[in-house]
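If you want the building blocks of each chain, they are given just below.
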Amino acid sequence: MARKGLGFEITELRLGLPGEPKSLVSTNKNEKKRMFSEIDDNGEKEKKSNTGGNLKTTESKAQVVGWPPVCSYRKKNSMNEATKMYVKVSMDGAPFLRKIDLGMHKGYSELALALEKLFGCYGMGEALKDPENCEHVPIYEDKEGDWMLVGDVPWEMFMESCKRLRIMKRSDAWQIEKTYIEIDEIKEKNV
Amino acid sequence: MECCNKRRMMKESPESNFMNRRGSSCFPDEVLERVIGMLKSRKDRSSVSLVCKEWYNAERWSRRNVFIGNCYSVSPEILTRRFPNIRSVTLKGKPRFSDFNLVPANWGADIHFWLVVFAEKYPFLEELRLKRMTVTDESLKFLARSFPNFKAISLQNCDGFSTDGLAAIAADCKNLTELDIQENVIDDKNDNWLTCFPESFTSLEVLNFSILHNDVNFDALEKLVTRCKSLKTLKLNKSITLEQLQRLLFRAPQLCELGTGSFSQELTTQQYTELEGAFSNCKNLNTLSGLWVVTPQYLPVLYPACANLTFLNFSYAPLDSDDIAKLLVHCANIRRLWVVDTIEDKGLEAVGTHCPLLEELRVFPADPFAEGDARGVTDSGFIAVSQGCRNLHYVLYFCRHMTNAAVATVVQNCPDFTHFRLCIMNPGQPDYRTSEPMDEAFGAVVKTCSKLQRLAISGLLTDLTFEYIGKYAKNLETLSVAFAGSSDWGMQCVLEGCPKLRKLEIRDCPFGNAALLSGLEKYESMRSLWMSDCKVTMNGCRLLAKEMPRLNVEVIKEDGSDDSQAERVYVYRSVAGPRRDAPPFVLTL
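In this text, all values refer to a predicted model and were calculated from it rather than measured experimentally.

Turning to the overall build of chain A, a few remarks are in order. Check the secondary structure of chain A and you find 7 helices and 7 strands. Expressed as a percentage of its 191 residues, the buried residues of chain A come to 41%. The contacts of chain A with a sequence gap of at least 6 include a subset with a gap of at least 24, amounting to 51%. Approximately 11400 Å² of chain A is accessible, and the part contributed by carbon and sulfur atoms is 56%.

Now the structure itself:
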């Protein structure tokens, strides 16, 4: 039976800053989140409020999952010509940003096709299914300011929470992650 | 068995008079079944089944329809064992908040294993009505092959299927009368599913495919409508043009319910006249919906058909106040009206003026996430409707702000509300004139509307609202709460005070374990409880599960969340025990 207390904790090998008693899994996730937000170009970070609820305040307005309680089907169909869901899309290496209307697409596969057409980067559909093995990885910034991999949540939820898109080169992504892991290992050694 | 004993006793007693014999035992079973078989109401049948064993048996043998409000409350095996002769099944699956993306995908409520059991036990099944269930193409194909007498399928807010499934139904259900697909998440493969109805097929009475976004094969549709002389309900999708609509109406002037296609197309004068003629030919039209995109100049073609309309569903038609006013002049018989808030208060004044028989009003937001100076409807529109429509008993009202005084006036004008659903879209919004909480508004509702069955509250609300609800809402069955309350006391008031409460759904409120556990005795008399993003912990849920073994206490776990918190809790009574098909993110405690 492991003895609780400082003794064992100090010798435990973890990724992350020492002194934080978090599990390995969640630390990794935080790492991933940090990685993408660090590379956020314009450097504007939104405040995250840790309330018990889903109420996350952004700079402009409180937007909450599933509120107002209009069912997703109705929301989709009540979009008249005036209300569109344009989000900026940037691609690494491309000089100009583009804009894409999320409301025009009914799911991830359509989005993938549209992105491919915009930037001429093929294999976007595959990237959504198998992000480990593709050259370009689509990520998006959600309402909390975190950068997330496209494709995990249901389409409606994604549409609601996506603020902008970015097509990242896989090689860049791994390079940055590797760098962070190295930095932390160095910090660990120096403790 | 009491009845049998009575019979024996009476036979032995010489003084017993045939006319004085009490109890059901003087009727043969067939007669009893026949009599009880005439009962239609579920509640009556439920009461009858509790009288004695003979009545219980007569009821179960004579029952043809069954309604299951929570598909996990009972298993298909238990159902088929109790009711051997069912022809029509209605099943509801996911918790209602799944409509708002609060339930992850693949949560469950899959119809398939029900169908497998039904194929064996109810081979004569005729009707299936599903709400918030997962239905795959494979299930639809299975259904089409397994039930030769199958007549009616209605799918509302379901997901998991595509037009391939519809094609299978069309091809194989020879006796189909109803195909009603409403508000589902469907993969529209843009194939010709409509052509799968055989040439010999003529029995269709209800066809609703309004949610499909792709074109359908119009030729096939027109032929189908022409040969189905009993067609009463036809709800088209956006792809159908005005010209096509006119041709369909020409073929089916007997229609009672019509959902139009898009109401915008360049029409010649000739076409306009023909369309107007088609509408005036529809003498039986009582329900109108659709429109989608509207060219207002063409709305007058509807006027000849408006006089008999009782239900107008323009919730997908963003009209402005002038257009709706001009239309409503012709709609004196309207009982139910669904509109978009683009009609604004002025449009609601027209409703109050022209629709005195109105019983139900639903106002949906055109732009739920609009920022800044977004328009819509307000307290004055609400009051205007209540002044003109004294029979109003159902309201669903989305607005950006409200006042306590306005709501009090509304319920004073219309004290017979049975369903009062007010959604102030900004969470925690106070009375915009007084800056006070909206407690008194809902206090007025529950005090005045003694028949209230369903209530949805919003705005800035303290525990006082819940005290009022617990004290006055004695007929309340369904309560929806979001971003409200100050402490556990609020939820406790409701659980202790509302004897008829069946469904309680709560999100983002400061209710914790004490509140959850105060309902220990109550939950078995309810259909379900939903609590998300409140202050309930896993330990609280475990305690509930331990104390009440006949409840299923389920927690939906999200990745990376705090292990001790129970972010999404779903509690429901069940005779089927814990779910056998729960996905990994649903923990049954």
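Another aspect to go through is the UniProt feature "domain: Transport inhibitor response" (unreviewed entry) in chain B. UniProt feature "domain: Transport inhibitor response" (unreviewed entry): in the numbering of this structure it lies at residues 84-130 of chain B. Across residues 84-130 of chain B one finds 21% helix and 19% strand; the C-alpha atoms that close the span lie 20 Å apart.

Moving on to helix H6 (residues 112-121) of chain B. Residues and elements named next belong to chain B. Where H6 is concerned, the buried positions are Trp-114, Leu-115, Val-117 and Phe-118. Buried residues of H6, seen end-on, are gathered within an arc of 165° and therefore sit on one face of the element. Close packing links the buried residues of H6 with strand S1 (65-68), helix H5 (76-82), strand S2 (88-92), strand S3 (127-131) and helix H7 (137-146).

Let us look at the pattern of salt bridges. Residues and elements named next belong to chain B. With the rule as written, the count across this model stands at 30 salt bridges over all chains. Note that Arg-82 and Glu-59 form a salt bridge whose closest N and O atoms lie 3.7 Å from each other. Highlighted residues: Arg-82 in helix H5 and Glu-59 in helix H4 (residues 53-62), separated in sequence by 23 residues. According to the relative accessible area criterion, Arg-82 is partly exposed, its value standing at 28%.

The next subject is the packing of aromatic side chains. All names here are of chain B. One pass over the full model with this rule turns up 27 aromatic pairs over all chains. Relative to Trp-338, the ring of Phe-311 lies with its centre 5.4 Å away and its plane at 65°, an arrangement referred to as edge-to-face. Of this pair, Phe-311 sits in strand S12 (residues 311-313) while Trp-338 sits in strand S13 (residues 336-340), placing them 27 residues apart in sequence. Overall, the relative accessible area of 13% leaves Trp-338 in the buried class. Connected via pairs of aromatic rings, a cluster forms that spans Tyr-72, Phe-97, Phe-100, Trp-107, Trp-530, Tyr-570 and Tyr-572. The ring of Phe-311 carries Arg-336 above its face, with NZ or CZ at 3.9 Å from the centroid. Over the aromatic face of Trp-107 sits the side chain of Arg-579, whose NZ or CZ is 4.5 Å from the ring centroid.

This brings us to the environment of Lys-474 of chain B. All names here are of chain B. When you line up the elements, Lys-474 lands in the loop between helix H18 (463-472) and strand S18 (478-482). A relative accessible area of 38% places Lys-474 in the partly exposed class. Once residues within four sequence positions are removed from consideration, Lys-474 is found in contact with Gly-497, Pro-499 and Lys-500. Polar side-chain contacts of Lys-474 include one of 2.6 Å to the backbone oxygen of Gly-497.

Here the focus is the packing of helix H17 (residues 439-448) of chain B against H18 of chain B. Residues and elements named next belong to chain B. Running from N to C, H17 and H18 cross one another at 5°; their axes reach a closest spacing of 8 Å. Considering their axes alone, H17 and H18 lie roughly parallel with respect to each other. Side by side, H17 and H18 meet where Asp-439, Glu-440, Phe-442, Gly-443, Val-446 and Lys-447 of the first sit next to Leu-464, Thr-465, Tyr-468, Ile-469 and Tyr-472 of the second. Residue classes in the contact of H17 with H18 are distributed as 6 nonpolar, 2 polar and 3 charged.

Before going further, it helps to spend a moment on the side chain of Ser-49 of chain B. In this structure, Ser-49 of chain B sits in helix H3 (residues 42-49). The residues touching Ser-49 of chain B, leaving out its near neighbours within four places in the chain, are Tyr-56, Glu-59 and Arg-82 of chain B.

A few words on the pairing of strand S5 (residues 136-141) of chain A. All names here are of chain A. The buried fraction of S5 is high, at 6 of 6 residues. Where burial is concerned, the two faces of S5 agree: the one with His-136, Pro-138 and Tyr-140 and the one with Val-137, Ile-139 and Glu-141 are both buried. Relative to strand S7 (residues 164-169), S5 is paired through 6 bridges, and the arrangement is antiparallel. Paired with His-136 across the bridge in S7 is Lys-169.

In this section: the nonpolar core. Membership of the largest hydrophobic core comes to 185 residues, with the highest contact counts inside it found for Leu-221, Phe-263, Phe-279, Phe-420, Leu-455 and Ile-469 of chain B. Residues in contact with Ile-469 of chain B, not counting those within four places in the same chain, are Val-446, Leu-455, Ile-457, Leu-476, Leu-479, Val-494 and Cys-498 of chain B. Counting 19 residues, the second largest nonpolar core, distinct from the first, contains Met-85, Met-91, Phe-119 and Cys-162 of chain A.

As a further point, take the sheet that holds strand S4 (residues 98-101) of chain A. Residues and elements named next belong to chain A. The strand order across the open sheet formed by 5 strands is S4-S3-S7-S5-S6, and the pairing between neighbours is mixed. Of all the strands in the sheet, just S4 and strand S6 (147-149) have a single pairing partner and so form its edges. Within the sheet, the average angular offset between the axes of one strand and its neighbour, ignoring direction, is 35°. As paired strands, strand S3 (residues 86-91) and S4 are joined by 4 bridges and run antiparallel to one another. By the bridge assignment, Lys-88 is partnered in S4 with Lys-99. Running at roughly 155° to S4, helix H4 (residues 108-119) makes contact with S3, S4 and S7 of the sheet.

With that settled, the discussion passes to the packing of H18 of chain B against helix H19 (residues 488-497) of chain B. Residues and elements named next belong to chain B. Between H18 and H19, whose axes approach to 8 Å, the crossing angle comes to 5°. Regarding the angle of H18 to H19, the classification is roughly parallel. The segment H18 lies against H19, with Asp-463, Phe-466, Glu-467, Ile-469 and Gly-470 engaging Trp-489, Gly-490, Cys-493, Val-494 and Gly-497. A class-by-class count of the residues in the contact of H18 with H19 yields 5 nonpolar, 3 polar and 2 charged.

Reading the values: the criteria
- Residues numbered from 1 in each chain as written.
- Chains lettered and ligands numbered in written order.
- Predicted model: local features only at pLDDT ≥ 70, side-chain atom pairs only at ≥ 80, totals over all residues.
- Heavy atoms only, no water.
- Helix = DSSP H or I, 4+ residues; strand = E, 2+ residues; numbered from the N terminus.
- Buried < 20%, exposed > 50% of the residue type's maximum accessible area, 1.4 Å probe, protein only.
- Contact = heavy atoms within 4.5 Å.
- Areas by Shrake-Rupley, 256 points an atom, 1.4 Å probe, with all protein chains shown as cover.
- UniProt positions renumbered as here; feature names shortened; annotations may be inferred.
- Arc of directions from axis to C-beta.
- Salt bridge = Lys/Arg side-chain N within 4 Å of Asp/Glu carboxyl O.
- Phe/Tyr/Trp six-rings, centres within 6.5 Å; stacked < 30°, edge-to-face > 60°.
- Lys NZ or Arg CZ within 6 Å of the ring centre and 35° of its normal.
- Polar contact = N/O pair within 3.5 Å; in protein donor to acceptor, adjacent residues only side chain to side chain.
- Axes fitted to C-alpha atoms, helices over the stretch in contact; angles between N-to-C directions.
- Parallel < 35°, antiparallel > 145°, perpendicular 65-115°, else oblique.
- Nonpolar A, V, L, I, M, F, W, Y, C, P; charged D, E, K, R; others polar.
- Pairing = 2+ DSSP bridges.
- Core = buried A, V, L, I, M, F, W, Y, C linked by side-chain atoms within 4.5 Å.

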